[in-house]
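What follows is each chain in one-letter form.
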Amino acid sequence: MAAKGALVFLLLLLGAPAWATNPADLEQLRRTGSCPKCDLSYARLRGWNLQGADLRGANLNAANLRSANLMGADLSGAILNNADLTKANLTNAKLTGASLLITRLDRAILVGAHLVDGILGGRDRLAQVKTFRNATLPNGQKAFFLEEPTRGR
C-alpha cells in the first residue's frame, strides 16, 4: 500500500510542471521579457536571460531559474518558494517583499540585491551564496560578508 501511495505521489510530482505554468504567461515572458503577476510556477527557465525583467508579484513557485540572468530584474512581491536559483545572477535585483522559502541559492550572485522585507527560510542556504556585496538583507541591513570563502586547494 505504501508503494502504491509513493507511486501516486511521484506521478503527481512529475506531472505538476505540465499543468502549473500558465502557457500564455510563459509566452508573454518569452516575447517581452516581462510578466508581472503571472503564473510561472514550475516554469523551466534555466539559463534564460531575464535581465531587467518586470516580474513583480509573479508566482515562480518551484520554477527552475538555475543559471538565469536576473540582473536588475524586479521581483518585488514575487513568490519564489521552492525555486532553484542555483548560479543565478541576481545583481541589483529587487526582491523587496519576495518570498524565498525553501529556495536554492547555491552560488547565486546577489551583488546589490535588495531583499528588504523578503521572507527567507528552509534550505535557502544563504551561506552558499557566491557574493552578497552591497546587498540589502531582509532586515534592512547591508550584508557584511563579501565573497564565498576560499577553500584550500
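Residues numbered from 1 in each chain as written. Predicted model: local features only at pLDDT ≥ 70, side-chain atom pairs only at ≥ 80, totals over all residues. Heavy atoms only, no water.

S.K.: Please set out the environment of N92 residue by residue, giving values where relevant.
M.R.: If you trace the backbone, N92 turns up in the loop between α2 (23-32) and β1 (99-101). Residue classification places N92 among the partly exposed positions, given a relative accessible area of 47%. Measuring from C-alpha to C-alpha, the distance between N92 and A73 comes to 7.6 Å, with 19 residues separating the pair along the chain. Not counting residues within four places of it along the chain, the set of residues in contact with N92 comprises G72, V111, G112 and A113. (Helix = DSSP H or I, 4+ residues; strand = E, 2+ residues; numbered from the N terminus. Buried < 20%, exposed > 50% of the residue type's maximum accessible area, 1.4 Å probe, protein only. Contact = heavy atoms within 4.5 Å.)

S.K.: I'd like a rundown of unusual backbone geometry, residues and numbers included.
M.R.: Of note in this structure, A62 is not a glycine but carries a positive phi near 60 degrees. Looking at where A62 falls in the secondary structure, it is placed in the loop between α2 and β1. Notably, K87 is not glycine yet its phi reads approximately 60 degrees, a positive angle. With respect to the helices, strands and loops of the structure, K87 is situated in the loop between α2 and β1. When its relative accessible area of 45% is taken as the criterion, K87 is described as partly exposed.

S.K.: Let's hear about the pattern of salt bridges: which residues, and what values?
M.R.: Enumeration according to the criterion identifies six salt bridges in this entry. Members of the salt-bridge network, linked through shared partners, are E27, R30 and R31. (Salt bridge = Lys/Arg side-chain N within 4 Å of Asp/Glu carboxyl O.)

S.K.: Describe the environment of R107, listing the residues and the values that go with them.
M.R.: In this structure, R107 sits in the loop between β1 and β2 (119-121). On a C-alpha basis, the gap between R107 and T86 in space is 5.9 Å, while along the polypeptide they are 21 residues apart.

S.K.: Tell me about the nonpolar core, and please be specific about residues and values.
M.R.: L55, L60 and L65 are the most contacted members of the largest nonpolar core, which has 37 residues in total. Setting aside residues no more than four positions away along its own chain, L65 makes contact with L45, L50, L60, L80, D84, L85, T86 and A88. (Core = buried A, V, L, I, M, F, W, Y, C linked by side-chain atoms within 4.5 Å.)

S.K.: So what about the confidence of the model for the protein chain? Which residues, and what values?
M.R.: Mean pLDDT over the protein chain stands at 82; residues scoring 70 or higher make up 76%. Within the protein chain, the lowest mean pLDDT, 45, falls on helix α1 (residues 2-20), and the highest, 95, falls on α2. A low-confidence stretch, residues 5-18 stays under pLDDT 50, and its non-local contacts, those more than four residues away or across chains, total three contacts. (pLDDT = per-residue confidence, 0-100.)

S.K.: Explain the side chain of D25 residue by residue, including any values.
M.R.: Structurally, D25 is set in helix α2. One buried charge, D25, has no salt-bridge partner; the nearest side chain with opposite charge is R31, at 8.7 Å. At a separation of 2.8 Å, a polar atom in the side chain of D25 contacts the main-chain amide nitrogen of D39. With residues near it in sequence (within four places) discarded, D25 still touches C35, C38, D39 and L40. (Lys, Arg positive; Asp, Glu negative; His and termini not counted. Polar contact = N/O pair within 3.5 Å; in protein donor to acceptor, adjacent residues only side chain to side chain.)

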